[in-house]
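# A look at the structure
Spelled out from the first residue to the last, the chains are:
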Amino acid sequence: MTDSQEQPAEQEPAVLLTTAELQKLIPHRWPFLLVDRIVEEDRERGYVRGEKAVTASEWFFGGHFPEMPVMPGVIQVEALAQTMAIYVAREEGYGERIGLFAGIDECRFKRIVQPGDRLSLEVTMEKLGRRFGKGRAVASVDGEVCCEALISFVIPPADVLR
């Protein structure tokens, strides 16, 4: 390839839901909103993909770890759960209901996440009922898996959370 030929630039994914739109769907707010945007969704196969730009100013890096900032694994799992919550909130009849963790199974961490990484958050729903749901979740950076888990949640009756 000569200097006059340019390689095609990697194209940014289209933003389907912005941070402001996400805040209308789930109750999480700074500093605990861990999804920046939704970039892909396939309702037919129960799939959603969000993104989180991991910055050096994240609240958890001050203590985890001061000399080598690493995004805690539990925060990665929470980001995946929030991505799932966004998917569920867009389902008919779920909008105002809040899901709570019921289980985190088969969880594995395979790569550290550091400032400057863009975390891709993918969830494929395996089951979604009126009070229970479960999905396979994968967090990755540049196609390399960082965290994967089977996440389940329950939706308690409204009066439980009041």
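Look above for the structure.
The sections below set out a description of the structure shown in this document.

What counts, and at which threshold
- Residues numbered from 1 in each chain as written.
- Predicted model: local features only at pLDDT ≥ 70, side-chain atom pairs only at ≥ 80, totals over all residues.
- Heavy atoms only, no water.
- Pairing = 2+ DSSP bridges.
- Helix = DSSP H or I, 4+ residues; strand = E, 2+ residues; numbered from the N terminus.
- Salt bridge = Lys/Arg side-chain N within 4 Å of Asp/Glu carboxyl O.
- Buried < 20%, exposed > 50% of the residue type's maximum accessible area, 1.4 Å probe, protein only.
- Core = buried A, V, L, I, M, F, W, Y, C linked by side-chain atoms within 4.5 Å.
- Contact = heavy atoms within 4.5 Å.

### Describing the pairing of strand β5 (residues 132-141)
- As paired elements, strand β4 (residues 118-128) and β5 share eight bridges and run antiparallel to each other. Each bridged residue has a counterpart across the sheet, and for Thr 124 the counterpart in β5 is Arg 136.
- Connecting β4 to the next strand, β5, in antiparallel fashion are three residues.
- Pairing between β5 and strand β6 (residues 144-154): 10 bridges, direction antiparallel. Following the sheet pairing, Ala 137 is matched in β6 by Ala 149.
- Linking two consecutive strands that pair antiparallel, namely β5 and β6, is a turn of two residues; a positive phi of about 50 degrees is found at Asp 142 within it.

### Comments concerning the pattern of salt bridges
- Applying the stated rule across the entire model yields 14 salt bridges.
- Between Arg 90 and Glu 41 there is a salt bridge, and its shortest N-O distance comes to 2.9 Å. Of this pair, Arg 90 sits in the loop between α2 (73-89) and β3 (100-109) while Glu 41 is found in strand β1 (residues 37-42), placing the two residues 49 residues apart along the sequence.
- Residue classification places Arg 90 among the partly exposed residues on the basis of a relative accessible area of 39%.
- Among the residues examined, Glu 41 registers a relative accessible area of 23% and is labelled partly exposed.

### Re the nonpolar core
- Within the largest apolar cluster, 36 residues are counted, with the highest numbers of intra-cluster contacts made by Met 71 and Leu 119.
- Elements supplying a minimum of two residues to this core: α2, β4, β5 and β6.
- Tallying contributions element by element places α2 first for this core, with eight residues.
- Contact partners of Leu 119, with chain neighbours within four places excluded, come to Gly 50, Glu 51, Lys 52, Val 54, Met 71, Val 113, Ala 139, Ser 140, Val 141 and Cys 146.

So, to be careful, I would describe these as geometric facts and stop short of saying anything about function.
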